[in-house]
Amino acid sequence: MAKIIDGKAVSARIKAEIRQEIEAEKLKVGLAVVIVGSDPASRVYVNNKKKDCEACGIISFEYALPGDTTNDELLELIGTLNEDPKINGILVQQPLPKQINVQSVNERISALKDVDAFRFENMGRIVDGNFNFLPCTPGGIMDLLHSENISVSGKECVVVGRSNIVGKPMAMLLLHENATVTICHSKTVDLAAICRRADVLIAAVGKKGIITADMIKPGAVVIDVGMNKNDEGKLCGDVDFAAVAEKSSYITPVPGGVGPMTRAILMKNTIKAYRLQKT
Ligand code: NDP
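The rules behind each value
Residues numbered from 1 in each chain as written. Predicted model: local features only at pLDDT ≥ 70, side-chain atom pairs only at ≥ 80, totals over all residues. Heavy atoms only, no water. Salt bridge = Lys/Arg side-chain N within 4 Å of Asp/Glu carboxyl O. Buried < 20%, exposed > 50% of the residue type's maximum accessible area, 1.4 Å probe, protein only. Helix = DSSP H or I, 4+ residues; strand = E, 2+ residues; numbered from the N terminus. Axes fitted to C-alpha atoms, helices over the stretch in contact; angles between N-to-C directions. Parallel < 35°, antiparallel > 145°, perpendicular 65-115°, else oblique. Contact = heavy atoms within 4.5 Å. Nonpolar A, V, L, I, M, F, W, Y, C, P; charged D, E, K, R; others polar. Patch = residues over 30% accessible without salt bridge, like charges linked within 9 Å, V, L, I, M, F, W, Y side chains within 5 Å. Areas by Shrake-Rupley, 256 points an atom, 1.4 Å probe, with all protein chains shown as cover.

Caption draft 1: Here's a closer look at the pattern of salt bridges. Counted by the stated rule, this structure contains 14 salt bridges. Among the salt bridges present, the one from aspartate 84 reaches lysine 86, with a minimum N-O distance of 3.3 Å. Note on aspartate 84: relative accessible area 16%, which makes it buried. In this structure, lysine 268 and aspartate 143 form a salt bridge, with 2.9 Å as the shortest nitrogen-oxygen distance. Of this pair, lysine 268 sits in helix α10 (residues 258-278) while aspartate 143 sits in helix α6 (residues 136-147); the two residues are 125 residues apart in sequence, bridging distant segments of the chain. Under the relative-accessibility criterion, lysine 268 is labelled partly exposed at 30%. Salt bridges linked by common partners bring Lys15, Asp52 and Arg263 together as one network.

Here's what the structure looks like:
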């Protein structure tokens, strides 16, 4: 039976450390959280991020814009936030309405305030290994592995999903720690056979139960990034948790695994942004 990696507990430790740092030095660190429109899931995420700010002693500034905000209006707000010395990090909650060009928004955020690391420049730094900001979800996953002293060096790691925010940067962080990495996606032939090779399997697809026990190498570490709804409308991951937990050595739950860690890394990046801006 697998040990459950408790993302809530690890993220609480990270937030407590940040709070200590902020209080010890009496820092005034500010995060701007921009939300456009009224998507209920986005509202929940933004509220959670604001709660995390409170827990860390980071001042959050919310900018809630109507759903029909134009691209130019959003870019203008970001320009103002870039210039505002109270704001150390800028986060624009995604998904954004159709009229917004997401790439133009990412590129408008000042490189030193890009706490999501979505700008091309910051993504390039992640590829290079010389980064200012960790990609939030992959960074959180590495912290979870470190919290259990799980080394990926020389191991076969399989990442299922190739998005710019999870799959690709995840593969880069694993590579920087000397893993042998395979990235799978919707066109992968025989996903199960590739997953069965994995010492560490990271599922970031967004399909409930796509990772089943027959796809797991006995003793593998299984990290579930997926956020889906089950038949009862409850949050669940990509992994068939009960059956996979029987076969693996470590597993992350959903909720309470990767999700809280993503937000903890956002907090880490915000204080890093503050430090970078002061040097
Ligand atoms: P995307 O939709 O951008 O990417 C999903 C990936 O899964 C794509 O690369 C896609 O392949 C691949 N895929 C789809 N179907 C299959 C399949 N049958 N077999 C193998 N691969 C497949 O999603 P994100 O990366 O943004 O997010 C993934 C999941 O993680 C979602 O559930 C999201 O909600 C969750 N998430 C959770 C976070 C957290 O903090 N816990 C943070 C961010 C995301 P292709 O490229 O070929 O289309």
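After presenting the structure, the write-up continues.
Caption draft 2: Geometry of the packing of helix α5 (residues 120-128) against helix α7 (residues 167-176). Relative orientation of the contacting elements α5 and α7 amounts to 30°, with a least axis distance of 8 Å. Comparing their axes, α7 and α5 come out roughly parallel. Where α5 approaches α7, its residues Ile126, Val127 and Asp128 are matched on the opposing element by Pro169, Met172, Leu173 and His176. The residue inventory of the contact of α5 with α7, partitioned by class, reads five nonpolar, one polar and one charged.

Caption draft 3: Quick peek at a nonpolar patch on the surface. Together, Val44, Tyr45, Met227 and Leu235 line one region of the surface with nonpolar side chains, adding up to about 330 Å² of accessible area. Locating tyrosine 45 in the fold gives a position in helix α2 (residues 40-56). Relative accessible area serves as the criterion here: at 33%, tyrosine 45 is assigned to the partly exposed category.

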